[in-house]
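If you want the building blocks of each chain, they are given just below.
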Amino acid sequence: MELTCLLAPGAGKRISMRKVIAYIASHFRKDKIWLRRNRPDKRRYQVVLAVDDSRSMAECGCGGVALEALALMCKALSRLEVGQIGVLKFGGPEGAVPLHGLATPFTDAAGPGIMANLRFKQDNTIADQPMLRLMEALDHMLDSARHQGGAGGIGAGTQDLAQLVLIVADGRLHEKDGLRARVRELAAKRGVCLVFIAIDSPAVVAPASLPQPGAAGQAPGQAPGQPMQPAAGAAGSSSLLDMQTVTFQGGKPVFRRYLDDFPFPYYLLLRDISALPRTLADLLRQWFEMSSSGSMVGVHFIK
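Along each chain, the written sequence defines residue order, and numbers are assigned to residues from 1. Whole-chain, interface and lining totals are the exception, using all residues; otherwise, since this is a predicted model, local features are given only for residues with pLDDT of at least 70 and side-chain atom pairs are given and counted only at 80 or more. Where side-chain values are given, they derive from all heavy atoms of the structure, hydrogens and water being excluded.

The name given to the chain in an unreviewed UniProt entry is Midasin, and the organism recorded there is Haematococcus lacustris.

Digging into helix H3 (residues 63–79)
Runs of H or I in DSSP of at least four residues are treated as helices and runs of E of at least two as strands, each being numbered from the N terminus. A helix is expected to span 1.5 Å for every residue after the first. An ideal rise of 1.5 Å per residue puts 24 Å on 17 residues; H3 measures up with 24 Å between its terminal C-alpha atoms. Three labels apply to residues, based on accessible area from a 1.4 Å probe with only protein chains included: buried if under 20% of the type maximum, exposed if over 50%, partly exposed otherwise in between. All of the buried residues in H3 are Gly 63, Ala 66, Ala 69, Leu 70, Met 73, Cys 74 and Leu 77. The buried residues of H3 occupy an angular sector of 130 degrees when projected down its axis, which confines them to one face. Among the residues trailing H3, Glu 81 stands out with phi positive, at a value near 50 degrees. In this context, the arc is that of the directions from the helix axis out to the C-beta atoms.

Focus on the side chain of His 100
Looking at where His 100 falls in the secondary structure, it is placed in strand E5 (residues 95–100). The exposure class of His 100 is buried, given its relative accessible area of 7%. Any pair of N or O atoms that falls within 3.5 Å is considered a polar contact. Within protein, one atom must be able to donate a hydrogen and the other to accept it, and sequence-neighbouring residues count only if both atoms are side-chain atoms. Separated by 3.1 Å, the side chain of His 100 and the backbone oxygen of Ile 85 make a polar contact. Separated by 3.5 Å, the side chain of His 100 and the backbone oxygen of Pro 105 make a polar contact. Excluding residues that lie within four positions of it along the chain, His 100 makes contacts with Ile 85, Gly 86, Val 87, Pro 105, Phe 106, Ala 110, Ile 114 and Met 141. Whether two residues are in contact is decided by their heavy atoms, any of which lying within 4.5 Å being enough.

Focus on the confidence of the model for the chain
Residue-level confidence of the predictor is summarised by pLDDT, bounded by 0 at the bottom and 100 at the top. Summarising the model, the chain shows a mean pLDDT of 75, and 67% of its residues fall at 70 or more. Note on residues 1–12: pLDDT under 50 across the span, and 22 contacts to partners over four residues away in sequence or across chains. A low-confidence stretch, residues 204–226 (pLDDT under 50), is modelled with 54 contacts involving residues beyond four sequence positions or located in other chains.

Describing the packing of aromatic side chains
Centres within 6.5 Å make a pair out of two Phe, Tyr or Trp rings, where for Trp the six-membered ring is used; the pair is then stacked when the planes are under 30 degrees apart, edge-to-face when over 60, and tilted otherwise. This structure, assessed with the given rule, holds six aromatic pairs. Here the aromatic rings of Phe 262 and Phe 264 are separated by 6.0 Å at their centres, their planes lie at 45 degrees, and the arrangement is tilted. Taken as a pair, Phe 262 and Phe 264 share a single burial class, namely buried. Cluster of aromatic residues (ring-pair linked, three or more members): Phe 196, Tyr 258, Phe 262, Phe 264 and Tyr 267.

Spelled out as structure tokens, the structure:
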């Protein structure tokens, strides 16, 4: 008798009867009994990983963790067959540089080439505006991918494409005011979700005291509203949770927690690389749910 397949009751999945026999004969070890979908999912997904390649990543001790996180995310997304995967680096004077295009299939052979291009030695200044230039590059990249994928017109194609951007950096931003509006503009586009993965390395020792205000009404070399050192009592820590920003109102300093006005609405605070797989899985689950319902569940911290 020819054995074909059976629809599992209530599961909506097709079972290969030939593989069921092997499953039973192997004492229930060979459990790959499900047939692959013969119809593609109506919704398409694109994931872009942007990694900060600036020197500050190495100085903060975040470079090695960033490489581990990138390798883990690329491997997980590839195994899950989540869709198209793109990788780029930023933080240098040349702006954002693509390392792997969305149109190119992601394979294990692409990994070494991507890692070799991340050295965390690029220098930039506040005038270079690395994050703003990244937002511009992402805007162009996502729009181009949407049009090349046939989703540029009006109709079902525009609604079916979901684009996720994961930005891996140390989280110490020097352009928060202008960046907030740019992030809001990009995230407002249909199907686009921005998530900032801030690598928070508690191993870096920082001074315990805050800089004293200078003659111009601000800390020496410190622009108003920019991140300062951890608050008093946080000796031995440079965590983003302890950092403060300072503004001056009526000549008096006003301190706020650095993360209170973080420009990205969705972000992860990564302190332990071993916690990334579980949280990445939860992030992808929420993204899939958001793609269907149009709302993100919340903001996550990894401590």
